[in-house]
Amino acid sequence: MKKVSIIIPAYNEEESLPFLYERLNSLMNGLTSYEFEILFVNDGSKDKTIELIKELREKDKRINYVDFSRNFGKEIAMIAGLDYATGDCAIFMDADLQDPPELVPELIKYWEEGYDDVYARRKSRKGETWLKKFTSKMYYKVLQSLTRIEIQRDTGDFRLLDRRCINALKKMRESQRCSKSMFSWIGYKKKEVLYDRDPRIAGKTKWNYKKLIDLAIDGITSFTTSPLRIATYLSIPTFFALIIYFIYVIVKCITQSVAIQAFQAIILLVLFFSGVQIILIGIIGEYLGRIFNESKNRPLYLVNEYNGERENND
Ligand code: UDP
Ligand code: MG
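Residues numbered from 1 in each chain as written. Chains lettered and ligands numbered in written order. Predicted model: local features only at pLDDT ≥ 70, side-chain atom pairs only at ≥ 80, totals over all residues. Heavy atoms only, no water.

Participant: Before we move on, could you go through the coordination of the magnesium ion (ligand 2) and cite the residues and values that matter?
Facilitator: Those protein atoms acting as donors to the magnesium ion (ligand 2) are D96 (OD) and Q98 (OE1), and they sit at 1.9 Å. Each member of the pair, D96 as well as Q98, is classed as buried. (Donors = N, O, S within 2.8 Å, 3.2 Å for Na, K, Ca; no water. Buried < 20%, exposed > 50% of the residue type's maximum accessible area, 1.4 Å probe, protein only.)

Encoded structure:
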């Protein structure tokens, strides 16, 4: 019997968990031809999330959990999920039921047909502001324009990954993670499934715009070095402008024998070039920061507990 791991990162989800378990339970009972594992990754929740998960495990041994030592963020929780998942395939699902469990049979159906990465694409996004919809649309546009690798639009992390994909992703140990671009990067046979994204069942979203902007910048810089090329692109017209301006000044001085307003020219030039330099230094800093973080080579996360056993994290 094939085993399906459902990986659920959870951060302060005590209100959603009972609903989530109910829906998952009826899903699993309906799909008797598969063995299931529900792997919760408790991402340092400050509420009763981990207590609830442990209670659930008491009555249902299909539930496993990884309990982080603190909040590491959803991206890290996802890779931890892949590290601990024991299934032949893994499905990422949010704890707030925004990803309907009822779609799982369809994901599995395509997996059985031989697809390695069956991802759910949103037809609609209920309960989200137009600003969030707009910014995420723009983000996809920008990211796609920067790279040759095809990026799936309107997809989140809700997807089924074959063991091959799991093993590939486990090899990617960078600390600033952008799963969206990693799913694209690994390739393999992909299949799209459409669904309606529901509003969050209970509790509050953990995202804010600062987090989203951080994620967007991480996504772009982790995926492509083309922002570095801005330097090259900017330097060419700048160089030409400089030469043309230089010739103009020389010619004017010789033919009309007038003195130019030197201080104005200097101020303009200084402002212009320092502006350009600041932008470029910013970009270099962006990458330098990443190199710094990667070079520390820290473990991606620390585990407090896995199904009741203490990890020694040596
Ligand atoms: N999450 C997490 N760590 C965090 C923030 C969120 O594991 O630091 C989990 C959260 O519990 C949920 C999923 O990531 O299962 C999506 O979070 P949320 O619903 O808040 O984001 P949104 O759906 O609003 O983008
Ligand atoms: Mg959500």
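Right, picking up where we left off after that structure.
Participant: Can you lay out the confidence of the model for the chain for me, pointing to particular residues and giving the numbers?
Facilitator: Overall, the prediction assigns the chain a mean pLDDT of 83, with 93% of residues at 70 or greater. Strand β4 (residues 89-92) holds the highest mean pLDDT among the elements of the chain, 96, whereas strand β9 (residues 309-310) holds the lowest, 55. (pLDDT = per-residue confidence, 0-100. Helix = DSSP H or I, 4+ residues; strand = E, 2+ residues; numbered from the N terminus.)

Participant: Now, about the pattern of salt bridges: what can you tell me, with residues and values included?
Facilitator: On inspection of all chains with the given rule, the structure shows 16 salt bridges. Close ionic contact of D83 with R173 constitutes a salt bridge, the shortest N to O distance being 3.1 Å. Linking D83 in helix α3 (residues 74-84) with R173 in the loop between α6 (163-170) and α7 (179-186), this pair joins segments that are 90 residues apart in sequence. The salt bridge involving D116 is made with R164; its shortest N-O contact spans 2.8 Å. Here D116, found in the loop between α4 (104-112) and β5 (117-125), pairs with R164, found in helix α6; they are 48 residues apart in sequence, far enough to count as distant. Within the structure, one salt-bridge network assembled from shared partners comprises K74, D94, D99, D157 and R197. (Salt bridge = Lys/Arg side-chain N within 4 Å of Asp/Glu carboxyl O.)

Participant: Describe empty space enclosed by the protein, and please don't skip the residues or the numbers.
Facilitator: Taken as a whole, this structure holds 1 cavity of 30 Å³ or more when the rule is applied. Estimates place the volume of the largest cavity at around 60 Å³. For the largest cavity, the full set of lining residues is E75, M78, I79, L82, F92, L169, R177, S179, M182 and F183. Elements with a contribution of two residues or more to the lining of the largest cavity: α3 and α7. With 4 residues, the top contributor of residues to the lining of the largest cavity is α3. (1 Å grid on protein atoms, 1.4 Å probe; cavity = no way out; pocket = protein on both sides within 12 Å on 5 of 7 lines; lining within 4 Å. Points joined across faces, edges and corners; volume = space filled by probe spheres on them.)

Participant: So, the packing of aromatic side chains: which residues are in play, and what are the values?
Facilitator: As enumerated under the stated definition, the model contains 7 aromatic pairs in all. With 5.2 Å between their ring centres and 80° between their planes, F68 and F72 make a pair best called edge-to-face. One exposure class covers both F68 and F72, and it is buried. Aromatic pair Y84 and Y306: ring centres 4.7 Å apart, planes at 50°, arrangement tilted. Taken together, the residues Y84 in helix α3 and Y306 in strand β8 (residues 303-306) connect sequence positions 222 residues apart. Looking at Y84, the relative accessible area reads 16%, which means it is buried. (Phe/Tyr/Trp six-rings, centres within 6.5 Å; stacked < 30°, edge-to-face > 60°.)

Participant: Could you give an account of the environment of S184, naming the residues involved and the relevant values?
Facilitator: Mapped onto the elements, S184 comes out in helix α7. The exposure class assigned to S184 is buried, which follows from its relative accessible area of 5%. Between the C-alpha atom of S184 and that of I151, which follows or precedes it by 33 residues, the distance is 5.8 Å.

Participant: Would you mind going over the nonpolar core in detail, with residue names and values included?
Facilitator: Within the largest apolar cluster, 37 residues are counted, with the highest numbers of intra-cluster contacts made by V4, I6, I8, F40 and I108. A total of 6 residues in this core trace back to one element, the largest contributor, which is helix α1 (residues 17-30). Look past the residues within four positions of I108 in its chain and what remains in contact with it is V4, L31, Y34, F36 and L160. Counting residues in hydrophobic clusters, the runner-up holds 29 residues, among them F92, A168, I186 and Y301. (Core = buried A, V, L, I, M, F, W, Y, C linked by side-chain atoms within 4.5 Å. Contact = heavy atoms within 4.5 Å.)

Participant: Pulling in residues and values, what's your account of the layout of surface pockets?
Facilitator: Estimated volume of the largest pocket: approximately 1500 Å³. Along the wall of the largest pocket there are 50 residues; nearest its centre are K74, W207, K211, L212 and L215. For the lining of the largest pocket, the elements supplying multiple residues, two or more each, are β1 (3-10), α3, β5, α5 (130-145), β6 (155-162), α7 and α8 (209-223). The class makeup of the residues in the lining of the largest pocket is 17 nonpolar, 13 polar and 20 charged. Space inside the second largest pocket adds up to approximately 360 Å³. Every residue lining the second largest pocket is counted, 14 residues in all, and those nearest its centre are R70, S175, R298, P299 and L300. For the lining of the second largest pocket, the element with the most residues is helix α10 (residues 262-296), which contributes 3 residues. Grouping the amino acids of the lining of the second largest pocket by side-chain chemistry returns 5 nonpolar, 4 polar and 5 charged. (Nonpolar A, V, L, I, M, F, W, Y, C, P; charged D, E, K, R; others polar.)

Participant: Please provide a residue-by-residue account of the site of ligand 1, values included.
Facilitator: D43, D96, Q98, T205 and W207 are the nearest of the 19 residues found near ligand 1. Between ligand 1 and the protein, one listed contact pairs a nitrogen atom with a side-chain N or O atom of D43 at 2.6 Å. Protein burial of ligand 1: of its 530 Å² of free accessible surface, 94% is covered by the chains. Cavity membership is defined here by more than half of the atoms lying within 2 Å of grid points; on that basis ligand 1 lies in the largest pocket. Classifying every residue of the shell around ligand 1 gives 5 nonpolar, 4 polar and 10 charged. (Near = heavy atom within 4 Å. Polar contact = N/O pair within 3.5 Å; in protein donor to acceptor, adjacent residues only side chain to side chain. Areas by Shrake-Rupley, 256 points an atom, 1.4 Å probe, with all protein chains shown as cover. Sits in = over half its atoms within 2 Å of the grid points.)

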